[in-house]
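Architecture and fold: a report
Residues per chain, in single letters:
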Amino acid sequence: MTQPLDRRLAAAVQRVTSTALGPYQSAIVRIGFSLTWLLFLLREFPHRRELYGPDGPWGWDMAQQLIAENHAFTALMWSDSAVWFEIVYAVAVLSAALLLLGWRTRAMSVVFMVGVLSLQNRSIFMGDGGDNVIHLIAVYLVFTRCGQVWSLDARRARRTTDTADRAPDRWGPVLWVVLGLLLLVGSLTERTGGEWWLTLLLWGLWGCQGVWWAVNRRAPRSELRTLLDVLANLAHNGALVVIMAEVCLIYATAGWYKIQGSRWQDGSALYYPLKLDYFTPWPALSDILANSGLMVMVLTYGTVIVQVAFPFTLFNRKVKNVLLVAMMLEHAGIALLLGLPFFSLAMIAADAVFLPTSFLCRLGGWAAGARDRVLRRAVRIPEQRTTPEEQATRTLVG
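These numbers come from a predicted model, not from an experiment. (Residues numbered from 1 in each chain as written. Predicted model: local features only at pLDDT ≥ 70, side-chain atom pairs only at ≥ 80, totals over all residues. Heavy atoms only, no water.)

Some points on helix α4 (residues 60-70)
Along an α-helix, residues three or four apart share an orientation, since each turn contains 3.6 residues. Going by this rule: Exposure classes here rest on a 1.4 Å probe applied to the protein chains alone. A residue is buried below 20% of its type maximum, exposed above 50%, and partly exposed in between. In DSSP terms, a helix is any run of H or I states spanning at least four residues, a strand is any run of E spanning at least two, and both are numbered starting from the N terminus. This arc corresponds to the set of directions leading from the helix axis out to the C-beta atoms.
Among all positions in α4, only A63, L66 and I67 are buried. The arc that holds the buried residues of α4, viewed along the axis, is 95°, so those residues lie on one side. Exposed residues on α4 whose side chains face more than 90 degrees from its buried face are D61, Q65, A68 and E69. The positive-phi residue at the C-terminal boundary of α4 is H71, with phi of around 55°.

Listed below in structure tokens is the structure:
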């Protein structure tokens, strides 16, 4: 029997407010984007000063003029010192690594966002489509509870629940105080930059985190704690929907713009980038593909069809999963044939928000099993049999 409309609405509201939906999806997005940004920063480490620093073609004066017009946030404009640039770059690398591991994800997501905005807004002409996606997702991740699984935070929470004596949290208050002092200095010296709402957002996040810690410390079972959970779940679920909508918008606009291009209409669009030296890391492989007119036409039309159709298949799980695999393979091909690995990694990480939970759980189990085998061989620990329940609670990091 079909339930009345009011009961279905009540059940939907109850689920949205009581649960942070998509814990595995938000975790894989966190891991994917932090890994992409970390690998990019490490690869460009020898060229960091030319890209974003004092030795770049986009000089300090030009950056000041642009930021005075667009009011973009970047900590690199607080000082033209080379030492300050190195500090910001090191913080960006460290925050990406810690967010990847899921250590203090609430705080690290904010620091990660600051690092991404600081570097990208300093030299906006150095990026591509993948950088734009990282730019957006870095902001959205701040509002998600992306450390529920596959994180050091999740392992610490599980250990705290399993042990009778709860060890006091030392790193949390120290990190909160340090970030608060930095934010206070930036606000008093009017160096936070950006629009006024960004400063308000940073102070709001800092204050909410302090309230969260105090309530968990003093009244972990109170109504106020329940209210904070409800608000956090609403913010998480809303941000997850925005990430999904952003991915659909990217593919829809890309597909419909391609339809309007004559080269995409006649099926020859893929041929031209395969003949550009700048986009051919494997010339022999690119020539083989470019010399096959049938393959060029199939891949050109297939790209358009997949991108246009994907947003309309979200309510059909089987078709959606097929197109999702096709898009990930497409980006893997872009990374291999066109030499754009970080763009492809960013898009694959964005696509991962639509992966089925069952597949992500199996993926986590495979990763945990591989980790255990590596550790067992390294320290020669005898194999221990585990129950299915114990295997289900393992994560990528513990």
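Let's pick the thread back up.
Topic: a nonpolar patch on the surface
Here is the rule we go by: Patch membership is restricted to residues that have no salt bridge and whose relative accessible area is over 30%. Joining uses 9 Å for like charges and 5 Å for the nonpolar side chains Val, Leu, Ile, Met, Phe, Trp and Tyr. Areas reported as accessible are Shrake-Rupley estimates using a 1.4 Å probe. Residue values count occlusion only from the protein chains shown. Salt bridges, as used here, are contacts in which a Lys or Arg side-chain nitrogen is within 4 Å of a carboxyl oxygen on Asp or Glu.
Together, V16, L224, L227, L231 and L234 give the surface a local cluster of nonpolar side chains, amounting to about 400 Å² of exposed area. Broken down by element, the residue count for the nonpolar patch peaks at four residues, all from helix α11 (residues 223-259). Mapped onto the secondary structure, L231 falls in helix α11. Assessed through its relative accessible area of 47%, L231 is described here as partly exposed.

Side note on the state of the cysteines
Rules: Cysteine sulfur pairs qualify as disulfides if the two atoms are within 2.5 Å.
Counting across every chain of the model gives zero disulfides. In this structure C208 is not part of a disulfide, and its nearest cysteine sulfur, from C146, lies 16 Å away. Using a relative accessible area of 53% as the deciding quantity, one classes C208 as exposed. In this structure C361 is a free cysteine whose sulfur lies 17 Å from that of C146, the closest cysteine sulfur available. Judged by its relative accessible area of 35%, C361 falls in the partly exposed class.

Concerning unusual backbone geometry
Phi at H71 is positive, roughly 55°, even though this residue is not glycine. Its place among the elements puts H71 in the loop between α4 and α5 (82-101). One non-glycine residue, R104, lies in the positive phi region at around 50°. Note on placement: R104 falls in the loop between α5 and α6 (105-122).

Remarks on the packing of aromatic side chains
Going by this rule: Pairs were defined over the aromatic rings of Phe, Tyr and Trp, the Trp ring being its six-membered one, requiring ring centres within 6.5 Å. Orientation was assigned from the angle between planes: stacked under 30 degrees, edge-to-face over 60, tilted for the rest. By the criterion adopted, a ring carries a charge over it if an Arg CZ or a Lys NZ lies within 6 Å of its centre and within 35 degrees of its normal.
Summed over the entire model, instances satisfying the criterion amount to 16 aromatic pairs. Between the aromatic rings of Y251 and F310, the centroid separation amounts to 6.0 Å while the plane-to-plane angle is 70°, which identifies the pairing as edge-to-face. One end of the pair, Y251, is in helix α11; the other, F310, is in the loop between α14 (293-309) and α15 (317-337), and 59 residues separate them in sequence. Arranged with centres 5.0 Å apart and planes meeting at 90°, the rings of Y278 and F279 form a pair that is edge-to-face. F279 gets classed as partly exposed once you look at its relative accessible area, which sits at 25%. An aromatic cluster is present here, built from W37, F40 and F342 joined pairwise through their rings. For the cation-ring pair, R48 lies above F45, with the distance from its terminal atom to the ring centre recorded as 3.9 Å. Here K258 stacks its cationic end above the ring of W264, 5.2 Å away from the centre of that ring.

Points about the confidence of the model for the chain
Low pLDDT means the predicted atomic positions in that stretch should not be read closely. Filter applied, for reference: pLDDT: the predictor's confidence for each residue, scored from 0 to 100. In this analysis, two residues are considered to be in contact whenever any of their non-hydrogen atoms come within 4.5 Å of each other.
Per-residue pLDDT for the chain averages 88, and the proportion of residues at 70 or more is 93%. The low-confidence segment residues 386-398 (pLDDT under 50) makes 25 contacts with residues lying over four places distant or belonging to another chain.

With respect to the side chain of Q307
Mapped onto the secondary structure, Q307 falls in helix α14. What makes Q307 buried here is its relative accessible area of 5%. Leaving out residues up to four positions away in the same chain, Q307 has contacts with Y251, A252, A254, G255, K258 and E330.

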